[in-house]
Amino acid sequence: MTSMHDLRFALRSLARRPLFTILSVLTLALGLGANTVIFSVVDAVLFRPLPFPEPDRLVRVWPESYFSKEEFGALDERVHSYEALAAYFSWGVLTWTDGEEPQALRAAQVSPEFFSALGVAAAVGQTFQPGENRDGSERTVVLSQGLWQRRFGADPEIVQQNIILDGAGYTVIGVMPASVRFPHAEVDVWVPMRFDPANDVDYQANYVQLIGRLRPGVTPAAAQAESRAAASSMRQAFGYSDDFGRTSTVERLHRVMVGDVRPAMWTLLGAVGFV
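The paragraphs below set out a description of the structure included in this document. (Residues numbered from 1 in each chain as written. Predicted model: local features only at pLDDT ≥ 70, side-chain atom pairs only at ≥ 80, totals over all residues. Heavy atoms only, no water.)

1. Considerations on the overall build of the chain
In plain terms, the rule: Where helices and strands are cited, they refer to DSSP runs of H or I of at least four residues and of E of at least two residues respectively, numbered from the N terminus. Any residue under 20% of the maximum accessible area for its type is buried, any over 50% is exposed, and the rest in between are partly exposed; the area is computed with a 1.4 Å probe on protein chains only. Note on contacts: a residue pair is in contact if any heavy atoms of the two residues lie within 4.5 Å. Only the protein chains shown count as cover for residues, and the accessible areas themselves come from Shrake-Rupley with a 1.4 Å probe.
Looking only at helices and strands, the chain has nine helices and ten strands in total. Buried residues in the chain amount to 41% of all 275 residues. The long-range fraction of contacts in the chain, counting pairs at least 24 apart against all pairs at least 6 apart in sequence, stands at 76%. Per element, the accessible surface of the chain, about 15,100 Å² overall, is 57% carbon and sulfur.

2. Section: helix H7 (residues 220-238)
Stated formally: Helices are assigned an expected span. That span is 1.5 Å times one less than the residue count. Here, the arc refers to the directions that run from the helix axis to the C-beta atoms.
In a regular helix each residue adds 1.5 Å, so 19 residues correspond to 27 Å; H7 covers 26 Å between its end C-alpha atoms and thus fits that length. Residues of H7 that are buried include every one of Pro-220, Ala-223, Ser-227, Ala-230, Ala-231, Met-234 and Arg-235, and no others. Seen along its axis, H7 keeps its buried residues to an arc of 150 degrees; they face one direction. Seen from the open side of H7, the exposed residues pointing more than 90 degrees away from its buried face are Ala-221 and Gln-236.

3. Notes on the packing of helix H3 (residues 69-78) against H7
Selection criterion: In this analysis an axis means a line fitted to C-alpha atoms, helices contributing only their contacting stretch, and an angle means the value between N-to-C directions, from 0 to 180 degrees. If an angle is under 35 degrees, it is roughly parallel; if it is over 145, roughly antiparallel; if it lies from 65 to 115, roughly perpendicular; otherwise it is oblique. By the definition used in this description, the sense in which the near helix is turned from the far one sets the handedness, with an anticlockwise turn below a right angle giving left-handed and a clockwise turn giving right-handed.
Interhelical geometry of H3 versus H7 gives an angle of 120 degrees and a closest axis separation of 9 Å. It follows that H3 is oblique to H7 by the angle criterion. Seen from above, H3 lies across H7 with right-handed handedness. For the pair H3 and H7, the contacting residues are Glu-70, Glu-71, Ala-74, Leu-75 and Arg-78 in the first and Glu-226, Ser-227, Ala-230, Ser-233, Met-234, Ala-237 and Phe-238 in the second.

4. Notes on the nonpolar core
If you look at soluble globular proteins, the nonpolar side chains tend to sit buried side by side. Where we set the bar: Side-chain atoms within 4.5 Å link the members of a nonpolar core, which is a set of buried Ala, Val, Leu, Ile, Met, Phe, Trp, Tyr and Cys residues.
Of all hydrophobic cores here, the largest spans 25 residues; its most connected members are Val-61, Phe-67, Leu-75, Tyr-82, Leu-85 and Leu-210. Those elements that provide at least two residues to this core are strand S1 (58-61), H3, strand S2 (82-97), strand S9 (209-214) and H7. Top contributing element to this core by residue count: H7, with four residues. What Tyr-82 contacts, discounting residues up to four positions off in sequence, is Val-59, Val-61, Gly-212, Arg-213, Leu-214, Arg-215, Ala-223, Ser-227 and Val-250. Residues Phe-52, Phe-115, Ala-117 and Phe-182 belong to the second largest nonpolar core, which totals 24 residues.

5. Remarks on the pairing of strand S7 (residues 168-175)
Threshold: Any two strands are treated as partners once DSSP identifies two or more bridges connecting them.
Of all eight residues in S7, seven are buried; the element is thus mostly enclosed. Here strand S5 (residues 140-143) pairs with S7 via four bridges, running parallel. Across the sheet, residue Thr-140 finds its bridge partner in S7, namely Thr-171. Note that strand S6 (residues 162-165) and S7 share four bridges and pair antiparallel. Paired with Ile-163 across the strands is Tyr-170, a residue of S7. Connecting S6 to the antiparallel partner S7 that follows it, the hairpin turn spans two residues, and Asp-166 within it adopts a positive phi of roughly 50 degrees.

6. Some details on the packing of aromatic side chains
Here a ring pair, both rings aromatic, is described through the centre-centre distance and the interplanar angle of the planes. Note the cut-off: Two rings belonging to Phe, Tyr or Trp (six-membered ring only in the last case) form a pair when the distance between their centres is within 6.5 Å. Interplanar angles under 30 degrees mark stacking, angles over 60 mark edge-to-face geometry, and anything in between is tilted. Sitting over a ring, as applied to charges here, requires NZ of Lys or CZ of Arg to be within 6 Å of the ring centre and within 35 degrees of the ring normal.
Per the stated rule, a full pass over the model turns up 13 aromatic pairs. When the ring of Tyr-240 is compared with that of Phe-244, the centres are 4.7 Å apart and the planes differ by 55 degrees; the resulting orientation is tilted. Its relative accessible area of 10% is what places Phe-244 among the buried residues. One aromatic cluster is present, built from ring pairs that chain together Tyr-88, Phe-114, Phe-115, Phe-128, Phe-182 and Trp-190. In this structure, Lys-69 packs its charged tip against the face of Phe-195, placed 5.6 Å from the ring centre.

Written out as structure tokens, the structure is:
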């Protein structure tokens, strides 16, 4: 009885002050809504694992540095901590012409080991195979799920069709699952990164980044120690500068990807917790 009496008294009090009641309800609604949104964002960014198998085994090698293709090849020959080590470059755009209005596709160049390092297979067709990055080999392309659905109507017969990118013919060999959106969320197509030692300018230019899948039981610290030892061997073999690889790091991919936004996310989380 006391509880019902208190409830009726509270309702009568609120009814006598409608403006205060409305403002209070709106304030609570906005506060609860903001808390829900921020908690969802923080959970997705900081706590939810990457959408790849065994994401803790995924690492970025020397996250703040760019490699040359020569350096990537030499490092790959000298380290054994990785089940797969891959190079990639967020290329920019390729212009697709299909007889209609040209369309700019956001593209990434990747070495053939790229999808093996991520631990993912194609949803349709296949991913790149060793040798597809050699100069003179057939030009191939893997499509994102979004592009496949948006521009090809999710046609299951897309594999082995030819499309024109930047005036050159590419054979579609596969379509990736919707969860695969790396190295950036807007990527439309992946193409093989070409390795031509005869092209000194490209082969020795520093513009590629590396990801690796650690072997079971190998820690980032162990891989980092081996990578630094390999860098020492490369300094002697190729005459690289004395500081090459001395402070190289191997960090979990998730930590690298959220590194720039981590402080802001914790600040927002603290703010909504205070609210």
